[in-house]
Each structure stands twice: as C-alpha cells, then as structure tokens.
Amino acid sequence: MPQALIVGGGISGLSAAYYLTRLGVRPTLIDRNPKLGGVIQTEVVNGCVIEGGPDSFLAAKPWAMDLIRELGLESEVIGSNDHLRVTYIWKRGRMVPMPDGLMMMVPTRIWPMVTTSLLSWPTKIRMGLEWFRHPASDGGQDRSVADFIRDHYGQETVDYLAEPLLAGVFGGDPGRLSVVSVLTRFAELEKRYGSLTRGVLVEGGRTGGKLGGGSLFRTLKGGLGQLVTALEQSLAGRTQILRGEAGAVERSQNGYSVPVNGEPLQTRHLILACPAHEASGMLASVDAELSQLLGGIGYSSSMTLALGYPRHKIAHKLNGFGFLVPKKERRRLVACTWVGTKFSHRVPDSHVLLRCFLGGASGEAALLQPDGAIVASVREELREMMGIAAEPEIVRISRWPRSMAQYEVGHAARVQKIEQRLKLLPGLHLAGNAYYGIGLPDCIRLGKQAAESAAGLPLRIDY
Ligand SMILES: Cc1cc2nc3c(=O)[nH]c(=O)nc-3n(C[C@H](O)[C@H](O)[C@H](O)COP(=O)(O)OP(=O)(O)OC[C@H]3O[C@@H](n4cnc5c(N)ncnc54)[C@H](O)[C@@H]3O)c2cc1C
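Definitions and limits used
- Residues numbered from 1 in each chain as written.
- Predicted model: local features only at pLDDT ≥ 70, side-chain atom pairs only at ≥ 80, totals over all residues.
- Helix = DSSP H or I, 4+ residues; strand = E, 2+ residues; numbered from the N terminus.
- Rg over C-alpha atoms; globule rule 2.2 N^0.38 Å.
- Buried ≥ 20, exposed ≤ 12 C-beta atoms within 10 Å, placed from the backbone.
- Contact = placed C-beta atoms within 7 Å.
- Near = placed C-beta within 6 Å.
- Nonpolar A, V, L, I, M, F, W, Y, C, P; charged D, E, K, R; others polar.
- Axes fitted to C-alpha atoms, helices over the stretch in contact; angles between N-to-C directions.
- Parallel < 35°, antiparallel > 145°, perpendicular 65-115°, else oblique.
- Left-handed = near helix turned anticlockwise from the far one by under 90°.
- Pairing = 2+ DSSP bridges.
- Domains from an automatic or database assignment.
- Core = buried A, V, L, I, M, F, W, Y, C linked by C-beta atoms within 7 Å.
- pLDDT = per-residue confidence, 0-100.
- Arc of directions from axis to C-beta.

We now examine the overall build of the protein. The helix and strand tally for the protein stands at 16 helices and 22 strands. For the protein, the C-alpha radius of gyration of 23 Å lies close to 23 Å, the compact-globule estimate for 463 residues. In terms of overall dimensions, the protein has C-alpha extents of about 70 × 60 × 40 Å along its principal axes. Looking at the 463 residues of the protein, the share that counts as buried comes to 48%. Of all intrachain contacts in the protein linking residues separated by at least 6 positions in sequence, the fraction that spans at least 24 positions is 72%.

Close contacts around the ligand come from 36 residues, with Gly 8, Gly 10, Gly 38, Pro 54 and Gly 439 the closest. Secondary-structure elements contributing two or more residues to the shell around the ligand are α1 (11–22), β2 (28–31), β17 (298–310), β21 (394–406) and α16 (440–454). Here the shell around the ligand is built from residues that sort into 16 nonpolar, 15 polar and five charged.

Helix α6 (residues 155–170) packs onto helix α5 (residues 145–153) with a crossing angle of 140° between their chain directions and a minimal axis gap of 8 Å. Judged by the inter-axis angle, α5 sits oblique to α6. Here α5 and α6 pass one another in a crossing that is right-handed. From α5, Val 145, Ala 146, Ile 149, Arg 150 and Tyr 153 reach across to α6, where they touch Gln 155, Thr 157, Val 158, Ala 162 and Leu 166. Considering only residue class, the contact of α5 with α6 consists of seven nonpolar, two polar and one charged.

Next up on the list: the sheet that holds strand β15 (residues 263–267). Spatially, the three strands line up as an open sheet ordered β13-β14-β15, and their pairing is antiparallel. Both edges of this open sheet fall to β13 (250–252) and β15, since each of them pairs with a single strand only. Direction aside, the axes of adjacent strands within the sheet are offset by 40° on average. Where strand β14 (residues 255–260) meets β15, five bridges bridge the pair, whose relative direction is antiparallel. Along β15, the bridge assignment pairs Pro 259 with Pro 264.

Along its sequence, the protein is organised into domain 1 (4–40 + 222–298 + 407–454), domain 2 (44–60 + 75–83 + 299–405) and domain 3 (101–206). A separation of 35 Å is found between the C-alpha centroids of domain 1 and domain 3.

This part covers the packing of α1 against helix α10 (residues 225–235). With their axes 10 Å apart at the nearest point, α1 and α10 run at an angle of 35° to one another. Both α1 and α10 take part in a crossing whose hand is left-handed. Contacts between α1 and α10 involve Leu 14, Ala 17, Tyr 18 and Thr 21 from the former and Val 228, Leu 231, Ser 234 and Leu 235 from the latter. Of the residues contributing to the contact of α1 with α10, the split by class is six nonpolar, two polar and no charged.

Now for the nonpolar core. Grouped together as the largest cluster of nonpolar side chains are 128 residues, with contacts concentrated most on Ile 6, Ala 16, Val 145, Ala 162, Ile 271, Leu 272 and Cys 356. Counting residues per element, this core draws most heavily on α6, at eight residues. Beyond its immediate sequence surroundings of up to four residues, Ile 271 is in contact with Ala 4, Ile 6, Ala 16, His 429, Ala 431, Ala 450 and Ala 454.

Turning our eyes to something else, we now look at the pairing of β17. With ten of 13 residues buried, β17 lies mostly within the body of the structure. Bridge count for β17 against β21 is ten bridges, and the pairing is antiparallel. If you follow Thr 304 over to β21, its bridge partner there is Ser 398. Taken together, the nine bridges between β17 and strand β20 (residues 351–359) define a ladder with antiparallel strand orientation.

Quick look at the sheet that holds strand β22 (residues 428–430) now. Sheet architecture is open: five strands sit in the order β12-β2-β1-β16-β22, paired in parallel fashion. Of all strands in the sheet, those bounded by a partner on one side alone are β12 (240–243) and β22. Across the sheet, the mean angle separating the axes of adjacent strands is 20° when strand polarity is ignored. Pairing analysis gives four bridges linking strand β1 (residues 4–7) to strand β16 (residues 269–272), with the strands arranged parallel. Looking at β16, one finds that Val 7 is bridged to Leu 272.

So, about the confidence of the model for the protein. The predicted model of the protein averages 93 in pLDDT, with 95% of residues at 70 or higher. Every residue in residues 208–212 is under pLDDT 50, and counting partners more than four places away or in other chains gives five contacts. Ignoring residues within four places in sequence, the model shows residues 459–463, a span with pLDDT below 50, making five contacts including any to other chains.

Next up on the list: helix α8 (residues 184–193). For α8, the set of buried residues is Phe 186, Ala 187, Leu 189, Glu 190 and Tyr 193. Taken around the axis of α8, the buried residues stretch over an arc of 160°, which confines them to a single face. Where α8 ends, the next residue or the one after it, Gly 194, has phi of about 85°, a positive value.

What follows concerns unusual backbone geometry. Positive phi, close to 50°, is recorded for Asn 46, a residue that is not glycine. Considering the arrangement of structural elements, one finds Asn 46 in the loop between β3 (42–45) and β4 (48–51). The phi dihedral of Met 104 is positive, around 55°, even though this residue is not glycine. On the neighbour-count criterion, Met 104 (15 C-beta atoms within 10 Å) is partly exposed.

Next up, the structure:
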C-alpha cells in the first residue's frame, strides 16, 4: 500500500511528489495523460520555443525559483526584457500603449496618466481625486473586481485596464472575480488607506519602489518543459508513475481506496492535485458537502495559438511585449505576446513568434471550432491590428478546457469551508490552482505544503 497517492501530474502533483521524495516518502503518481506537466507543454519548432500553456512565472513569488534552484536549473533561468516592456491596448482601431507607472490598474505617476489617450478626461480627473479617499467603515468586504475598480477609478478603467489585464491572466470576467482573492493586496490597501494610489505609493516607497526587484517575469531558456523534465528525472526510481484514470474515491480502513483503470489502489494519504471539478467528482461518496463546495469553483477554458513567421516577412517593429484586446473591442483575440521581445533565447533572429491567447470567460465556444477556422479568424485580426498578411510558417494550437480556476466573489469563504471539511478527513490533501493562487509559484507552494502535511510534518501555512 503506497504511503501517498497523488492524482495529477501537472506542476502541482509533480511538486508534491518531488517534496515527498525529499522527505523520504516514495509516492505513487497517476495522470491520465501519457505526457506529464498538465498544462505545461513546450515544443521547439525551427528553433522557436513554443509554450502551449504557461510561458513564465511571476518573479516576486519565490516558490518556483526555490524549486528550480533545488533542481539545479538556475543557470537556465532568464528574466523578461523589462527595458523593452510596453503593453498595448487595442482601442478603437489603434494600439495605445499602457501608460507608465501603472501597477495593474492603479496609477502611480501623474504625467503619463495626463498624456495617455487610453482614458478620457473625466476618468483621469476621477483617478486624481481617488487620492483623497479615506478608509470606509465597510472596507474589506468581498465584491467583484469590476465593482471595486469602478468605485475607485470609474467604468472606463474597468473596460480598458481591469478587464483586459484579468482576461489575459485568469481568462476571467471582472464582473464575477473576487477582489479579496484576485486583487488581495489592493483590497488590503483600500482597508488601510482608502485610496489605492496613495497606498501603493506609500507601501512602494517603503520597499524602495521595488516589490521583488529584477525582472517582473522569469522563465527557463528552453521553456517551462525543462522544469517538468527535471522533475521527472529527479523522481525516477523514487516515485511510481502510473498512466490512467483515477475514479471515485472511497474511504477504507487505513485511508482511501482509489480505482485506477478499474483496479482499487489503497493509500494512507491521498493528494488530489487535479482541477477542483475533478476532485469534486472523485469525492462525491466520501463527503457530499466537500464535493459540492469543490464543484462550485468555476473554471474557464482557454486556448493558445502560436504563429511563427520568417523575420523578413514581418514589417511590424514588435516594440513591446505585445497587446491586450478589451472585451468591448474583442472578436476572437484576448491577448498576443511578441515572444522574441519579451524573452531572449526563445526565438532565433531569423523568425518572429506570436503567442495568441483566446477563450477566457466569454469565449468558451471558440474552443469547439476547427483549427482552420480559428487560424483564419486570428490571421484576419492580426492583419488589421499588426498589418501581418504573411502566411505563418509555424502554427500550433493548444486547447485547455476548464483549466483556469475562477476565484469568484465569496471564493475565500468557500475555501475556508473546504479547509474545515478537510479537517474531518485525515489523510486527504488538496493541491492545484483552485484555492490560493492560479500561477505556477502558488501551485508549487501548495504541492509542497500537501507533501509536508502527508509526510506528517507540522503544517506550515505561509499564504
Ligand atoms: C493557457 C494557459 C496559460 C497560462 N499562463 C501562465 C503563466 O504564464 N504563468 C503562470 O504562472 N501561470 C499560468 N497559467 C496557470 C498555470 O499554468 C496553471 O494554474 C498550473 O500549471 C496548473 O497546474 P496543476 O498541476 O494544478 O493543474 P494541471 O496542469 O491542469 O494538471 C492537472 C493534471 O491532472 C490530471 N488529471 C485530472 N484528473 C485526473 C484523473 N481523474 N485521473 C488522472 N489524472 C487526472 C490531468 O491530466 C492533468 O495532467 C496558465 C494556464 C493556462 C491554461
């Protein structure tokens, strides 16, 4: 009987397995896909590093770098080329650069806000007056990101900053996403200062204006697939890896019984490192309430389309990290990254690589369309937005149905209830992007925490 069974071989499950082996436990890991990594899938075509899923991680959160260091991959780490960082917003047929000094949607510098054509004068004046807000007595209550940002900076800021930024990161709808769970720091600043602008400037001043320092994003030269390969190598001989479908869980005398390809597997500790909707189905007969709580966590679907071109066929200057398309202006594209500008080592000089992001909260249907129709409509948009008419030499589509958890209003309270149910189920642990953070560093942190808890170490909660 394995001491620990992990369902899910994405970054969350692989991290849990890695840290368990570090703690002297030999786990068993199950994934239904032949290829491990979950949504992390890297392919190199004609020298271009194509990321089907995530392409980088936030440098300010330490857990991904900690793991990379432990795996001996530190020399492979590269940062985003922040000196070239300009993100454009598509507005009324033009690419408008996001003004300097914005921290997400919070303005921290006056002149770029005064001169930008992204926002109208009434919005600019409203942004200036936000400085004078005082903490409200009912501050700290959860509400939608749209309500929160509208309250501080007006509807135009929701439409042209909050919505496109969150659609690009969460594939989410600001009208439903929870400010407490998604913009946690801003919610805290509001409670303390009233004004977000004043709060960001005061707290930024305390950290010398640098929150984390160095590049904003980090990744690996050869793609995030390098991290998956290094994890697999480190697990070889220390973890039993099974390919198959984990089914409905039952409690057994010493823990849990999990059918894998129809055969029951007994385990003392069960780590569900899979999407919450999967965990919900698996736990229906173990704890109906927990199953319901997990099933209530929404997920959005997304898709990436990589298009590669010979350099000489592209006249566009690619002078930035790429662009975002607000929902108000959107047909198909949500965002497009100009990969060679954002990261060195990813695209040879002979090529241009565009990473297009589609889907999100409002575009589920797009995933069902055939490849040809998707490529044709994106090419049409790129022709209009970037003047690119050339035939792409490389085309890769990756579809990710129900893969991005949506932290909707009330998410924190839901997760608290999930934690309470888990206390009644010793040996059951949850990891993944559904609970305390959707990005890779948080998934790694939760995988590590599940491992520590399964190995009997005192639980260290450092959210
Ligand atoms: C397109 C896209 C772009 C992203 N970009 C970024 C980014 O740039 N930076 C960043 O930090 N984050 C990004 N994210 C988010 C981040 O990549 C994910 O949150 C994270 O990788 C999720 O990892 P996971 O292991 O929790 O889940 P997954 O990667 O979804 O892995 C879950 C695994 O569980 C397996 N599984 C599920 N159910 C079962 C079952 N019953 N039996 C057997 N196996 C099962 C699946 O096959 C899968 O392999 C992005 C996500 C997507 C989809």
